[in-house]
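Residue-level structure breakdown
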Amino acid sequence: MDNIRSFVENDSVINAIVKCICSKFKDATAPKLIAVGGPGGCGKSSFCMMLSNALESSSILPLDNYRIPRNERGQRKLYGSHPDANRIDLLLEHIDKLHQGKQINCPVYDTVTGTVMSDKPFTPKQFVLLDGEIATYAQIVTRCDFTIHLDAAPEALFARRVKRDTEQHRYSLEKIRSVFEQSIHDNQTFGVYGKQHADINLVCNDDFRIEIIDIRCM
């Protein structure tokens, strides 16, 4: 994947973030939860993979798995970026258990069919990366120990969504545009707190290279 290769070239940025996290939690014993949020298409999942590979004893919890079934969202006219389109209550319950070092049974959401399959056990490591648009929404981020917000230019976000949602979700261009516009709206409405209070703010450029915009933990 081109974006993965580009992130690898940003090893100095990743290393700076790892240094910041390890310094902040050098004496921690219980698992620490790191929220990684931002609008859809900004590169959160690729970034989480790079960070997890560089951060010793870490795992990734994809928050898309907490979405309610697509047919139910359709009936309620909600897209996945809206808080009410997600099982927030279950996620908060799981966050509490993860902080205690307890295993959870995470739901598994099928992005192609839009259905929720059987649960999958998830055991926390020293660091748990919460990867998802809702990660930096106020009710989630305030329960986490560290926050990273990733952003990108609107035209880049849309181009990436077209490629991803055509290949993975089989959406029409009209559906992709509708989801994109709602995602931007929901992130500007519900994600502003997390962005403003993030420990690190990043931007993912058109070529998937990341830049640190603001870092408050050094």
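**Details of empty space enclosed by the protein**
In total, this model carries 1 cavity of 30 Å³ or more according to the counting rule given. Within this model, the largest cavity holds a volume of roughly 40 Å³. Partitioned by chemical class, the residues of the lining of the largest cavity number 2 nonpolar, 3 polar and 3 charged.

**Focus: helix 7 (residues 154-169)**
Among all positions of helix 7, only Ala156, Leu157, Phe158, Arg160, Arg161, Asp165 and His169 are buried. Those residues of helix 7 that are buried are in contact with strand 6 (146-151), helix 8 (173-190) and strand 7 (200-204). Phi turns positive one or two residues past the end of helix 7, at Arg170, with a value near 65°.

**Let's talk about the sheet that holds strand 8 (residues 210-215)**
With mixed pairing, 6 strands are arranged side by side in an open sheet as 2-5-1-6-7-8. Edge positions in the sheet fall to strand 2 (58-62) and strand 8, since each has one partner strand and no second. This sheet shows a mean twist of 25° between the axes of neighbouring strands, independent of strand direction. Judged from the 4 bridges that link them, strand 1 (residues 32-37) and strand 6 form a sheet pairing that is parallel. Note on strand 6: the bridge partner recorded for Ala35 is Thr147.

**What about the side chain of His94?**
Inspection of the secondary structure puts His94 in helix 5 (residues 88-99). Discounting chain neighbours no more than four positions away, the residues touching His94 are Tyr66, Ile104, Asn105, Cys106 and Pro107.

**Brief notes about the packing of aromatic side chains**
Counting across every chain of the model gives 4 aromatic pairs. Measuring from centroid to centroid gives 6.2 Å for Phe25 and Phe146, while their planes differ by 70°, and the two rings are edge-to-face. Of this pair, Phe25 sits in the loop between helix 2 (11-24) and strand 1 while Phe146 sits in strand 6, and the two are 121 residues apart along the sequence. Here Phe25 falls in the buried class, since its relative accessible area comes to 8%. The exposure class assigned to Phe146 is buried, which follows from its relative accessible area of 0%. Ring centres of Tyr137 and Phe190 lie 5.8 Å apart, and the angle between their planes is 40°; this geometry places the pair in the tilted category.

Quick notes on the rules
Every residue gets a number counted from 1 within its own chain, in the order that chain's sequence is written. Restriction of local features to residues with pLDDT of at least 70 applies here, the model being predicted, together with a cutoff of 80 or more for giving and counting side-chain atom pairs; totals for whole chains, interfaces and linings are based on all residues. Neither water nor hydrogens contribute to the side-chain values; these are computed over all heavy atoms in the structure. Only protein atoms enter the 1 Å grid used here, on which a cavity is any set of points holding a 1.4 Å probe that cannot leave and a pocket is any open set flanked by protein within 12 Å on both sides along at least five of seven lines; residues with an atom within 4 Å of a point are listed as lining. Grid points are joined across faces, edges and corners, and a volume is the space filled by probe spheres set on the points. Residues are grouped as follows: Ala, Val, Leu, Ile, Met, Phe, Trp, Tyr, Cys and Pro are nonpolar; Asp, Glu, Lys and Arg are charged; all remaining types, including Gly, are polar. For every residue, the accessible area (1.4 Å probe, protein chains only) is compared with the maximum for its type, and the residue is labelled buried under 20%, exposed over 50%, or partly exposed between those bounds. Strands are runs of DSSP state E lasting at least two residues, helices are runs of H or I lasting at least four, and both sets are numbered from the N terminus onward. Whether two residues touch is decided by their heavy atoms; if any such pair falls within 4.5 Å, the residues are in contact. Any two strands with at least two DSSP-identified bridges between them are counted as paired. The axes used here are C-alpha line fits, helices contributing only the stretch in contact, and every angle between their N-to-C directions lies in the interval 0 to 180 degrees. Under the pairing criterion, centres of Phe, Tyr and Trp rings, with the six-membered ring standing for Trp, must be within 6.5 Å; the plane angle then separates stacked pairs below 30 degrees from edge-to-face pairs above 60, leaving the rest tilted.

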